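Secondary and tertiary structure notes
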Amino acid sequence: MTNETFGSRSPRDKEEIVVVGGSAAGLFTAAQVARGGRRVRVLESKQGCDPAARTLIVTDHFRSQMGPSAQESIVNEIRRFELFTDGRSAQVALSKPDLIIERARLTNALAREAQHAGATVSFDTRFLGLSPNGNGLRLQVDSSGHRQELNAAAVVGADGATSRVARAAGWPPVETVPLMQAIVRLPKDCPSDTTRVWFVPDDTPYFYWLVPESADRGALGVIGEDGRNTKRAFERFLEKKHLEPLEWQGARIPVYKRWIPVRRRVGNGDVYLVGDAAAQVKVSTVGGIVTGFRGALGVAQSLLQPGRSSELTSLRRELDTHRLIRRTMHHFQQDDYSRLVDLLNASTRKSLGEINRDESTRLLWNVVRHQPRLLLLGLRGLLMGRGR
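Residues numbered from 1 in each chain as written. Predicted model: local features only at pLDDT ≥ 70, side-chain atom pairs only at ≥ 80, totals over all residues. Heavy atoms only, no water.

Our next topic: the overall build of the protein. Summing up its helical and strand segments, the protein has 11 helices and 17 strands in all. Taken against the 2.2 N^0.38 rule, which gives 21 Å for 388 residues, the C-alpha radius of gyration of the protein at 22 Å falls within 12% of a compact globule. Dimensions along the principal axes, computed over C-alpha positions, put the protein at roughly 65 × 40 × 40 Å. Looking at the protein as a whole, 54% of its 388 residues are labelled buried. Across the protein, contacts joining residues at least 24 apart in sequence account for 70% of those joining residues at least 6 apart. Mean positive and mean negative side-chain charge positions of the protein (56 and 42 charges, respectively) differ by 5 Å. (Helix = DSSP H or I, 4+ residues; strand = E, 2+ residues; numbered from the N terminus. Rg over C-alpha atoms; globule rule 2.2 N^0.38 Å. Buried < 20%, exposed > 50% of the residue type's maximum accessible area, 1.4 Å probe, protein only. Contact = heavy atoms within 4.5 Å. Lys, Arg positive; Asp, Glu negative; His and termini not counted. Charge placed at Lys NZ, Arg CZ, Asp CG, Glu CD.)

Following the criterion strictly, the structure yields 24 salt bridges and no others. Put simply, Asp342 and Arg88 hold a salt bridge, and the shortest N to O gap is 3.0 Å. Taken together, the residues Asp342 in helix α8 (residues 334-342) and Arg88 in strand β5 (residues 88-102) connect sequence positions 254 residues apart. You can call Arg88 partly exposed: its relative accessible area is 32%. Arg362 is the partner of Glu359 in a salt bridge, and the nearest nitrogen-oxygen pair spans 3.2 Å. Overall, the relative accessible area of 32% leaves Glu359 in the partly exposed class. Since its relative accessible area comes to 45%, Arg362 is described here as partly exposed. What you see here is one network of salt bridges that share partners, running through Asp60, Arg63, Glu77 and Arg79. (Salt bridge = Lys/Arg side-chain N within 4 Å of Asp/Glu carboxyl O.)

Let us now look at the packing of helix α1 (residues 24-35) against helix α3 (residues 103-117). Geometrically, a packed helix pair is captured by the angle between its two axes and the distance between the axes. In contact at an axis separation of 8 Å, α1 and α3 are set at 20° when each is read in the N-to-C sense. On the basis of their axis angle, the class for α1 and α3 is roughly parallel. Relative to α3, the crossing made by α1 is left-handed. Contacts between α1 and α3 involve Ala24, Leu27, Phe28, Ala30, Ala31, Ala34 and Arg35 from the former and Leu106, Thr107, Leu110, Ala111, Glu113, Ala114 and Ala117 from the latter. Here the contact of α1 with α3 is composed, by residue class, of 11 nonpolar, one polar and two charged. (Axes fitted to C-alpha atoms, helices over the stretch in contact; angles between N-to-C directions. Parallel < 35°, antiparallel > 145°, perpendicular 65-115°, else oblique. Left-handed = near helix turned anticlockwise from the far one by under 90°. Nonpolar A, V, L, I, M, F, W, Y, C, P; charged D, E, K, R; others polar.)

Two elements, strand β3 (residues 55-58) and β5, share four bridges in a ladder whose sense is antiparallel. Residue pairing for β5: Val58 is matched across the bridge by Leu99. As paired elements, strand β4 (residues 74-85) and β5 share 10 bridges and run antiparallel to each other. Residue pairing for β5: Phe84 is matched across the bridge by Ser89. Between β4 and β5, which pair antiparallel one after the other, the connecting turn spans two residues, and Asp86 there sits at a positive phi close to 50°. (Pairing = 2+ DSSP bridges.)

Attention now goes to the sheet that holds strand β7 (residues 125-132). Strands belonging to one sheet form pairs held by backbone hydrogen bonds; the direction of such a pair is parallel or antiparallel. With antiparallel pairing, three strands are arranged side by side in an open sheet as β7-β8-β9. The strands lining the two open edges of the sheet, one partner per strand, are β7 and β9 (146-152). Across the sheet, the mean angle separating the axes of adjacent strands is 25° when strand polarity is ignored. Pairing geometry for strand β8 (residues 137-143) and β9, over seven bridges, is antiparallel.

Below, the discussion takes up the nonpolar core. With 102 residues, the main nonpolar core has Phe62, Leu106, Leu139, Ile289 and Phe293 as its most contacted residues. With eight residues, α1 is the single largest residue contributor to this core. Those residues within four positions of Phe62 in sequence are excluded, and the remaining contacts are Ala70, Ser73, Ile74, Leu99, Ile101, Leu106, Ile289, Val290 and Phe293. (Core = buried A, V, L, I, M, F, W, Y, C linked by side-chain atoms within 4.5 Å.)

With that settled, consider the sheet that holds strand β2 (residues 40-43). Taken in spatial order, the six strands make up an open sheet running β6-β2-β1-β10-β17-β16, and their pairing is mixed. The open sheet has two free edges, formed respectively by β6 (120-122) and β16 (263-266), since each of these has just one partner strand. Neighbour-to-neighbour, the strand axes of this sheet turn through a mean angle of 20°, independent of strand direction. Strand direction decides the pairing type here: β16 and strand β17 (residues 269-273), joined by four bridges, are antiparallel. Counted as the bridge partner of Arg265 is Asp270 from β17. Helix-sheet contacts for helix α6 (residues 289-304) involve β1 (17-20), β10 (154-157) and β17, and the interaxial angle to β17 is about 165°.

Turning next to the environment of Ser144. Its place among the elements puts Ser144 in the loop between β8 and β9. Taking C-alpha positions, Ser144 is 26 Å from Leu106, a pair spaced 38 residues apart along the chain.

Contact geometry of helix α7 (residues 310-329) with helix α10 (residues 360-370) gives a least axis separation of 8 Å together with a crossing angle of 40°. In terms of axis orientation, α7 runs oblique to α10. Mapping the contact onto sequence places Glu318, Thr321, His322, Leu324 and Ile325 in α7 and Ser360, Thr361 and Leu364 in α10. Taken together, the residues that form the contact of α7 with α10 break down as three nonpolar, four polar and one charged.

Take a look at the structure:
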C-alpha cells in the first residue's frame, strides 16, 4: 500500500469517487464501487493501515457479505448464549454460530480487497472541508502536512460517529454512548464457544457481555450512557467477577434514533454517509459491522446505478425494528428482566437460536408468536419509557 499525493490532476478527476475514512464500511464501499468500474480514492488520516484492535461479535451473515476473505478476521465461533439476571439464567443454542472477529484484521483484509478491486488508498491525508465546483465537489485536504485540493464527482463520509464530512455537508451530529471493554483471562467455568450476557439495570440500560476470543481469553464489556458512571460500574463488575484486565478497548458508539438520509446534494455533487457516520448500528445490541456493510452496499448501488436503493430501504426497516426493541427494553427494571428470562420457553429459545439478530423483524414475530406474554411485557416497557 502506498501513500498517494495530488500533485497532478487528469481530466477525469471529476469522475472520481472519494471515500473519507478507512473504516470497515468505507473500505467495503470503496471495493464495491471500484468493482463497478468507477475510479475510487480512500482518504485515511493515519500514516498507514494500523487500526486499533477491538474484539467484535457478528452473526453468520458476515460470511455471506465478506465471502472467502471473511475467515482471515475470524478468531473464534460462538455456539451458545447464556443470559443472566438476578440469579436467573437461560441458555440459547445457535443453529449457525456467531463469529468473533478482530477489527484490525478485518480492516487490513478490507484494505487489500479495495486495492485489489482498483481503489487507491491515500494515507496521512486528512479531510478538512468541501465545497461545490463546476462539475461536482472540491475537497480541501491535508496530505502529509501540505494543504491541497481534490476534485470529485461524489464524496462518501465513512469517518465515524463524529464525521467531519457529515458536519461539512450539513448533517446534524449523532448521539453516541460509551463502549468499554477489557480483555481478560477466560474464567474456567466459561466454555470458549459460549457468550455470556448479564442484565444489570442498576448499572446500565444495556448489558454486560463476555465474549471468548480463544480458549483462554475473552472480551468483557459494557455499554452505558454516561462515561464516568459507566466506568465506575464496569470496574465494580470486574471486581465482582474476580477478573483482571489484560488490556483495555473502548469507543463511542452512535445511537440510532431515526433513519438518517444517507445522501445530500452539494452543488453539482453528491455526499453520502455510511456506517457509524450514518448511525447504522443495531441499537438493541449496538452491533454495527453487518449493518454498516449493508449501508455501504446501498450507497455503492446508488453510486453505480442512480436511483432508490433496495438495500437501503431494507436496512432502514431493520434498524427501525432494532430501535423498537431498544425502546421496549431501555427502561426495564430488575423485575422486568427477571420476567423476561422466565418467559423464555423452549419454543422461544429455539427461535432465538435459529433466526439471527440481523433478521430482527422475522425474529421478533416468531418470538412473540411462541410466547405472547412477551408482547405484554414489551408494551409495558414502552409505556414506562413514555412516562420518563
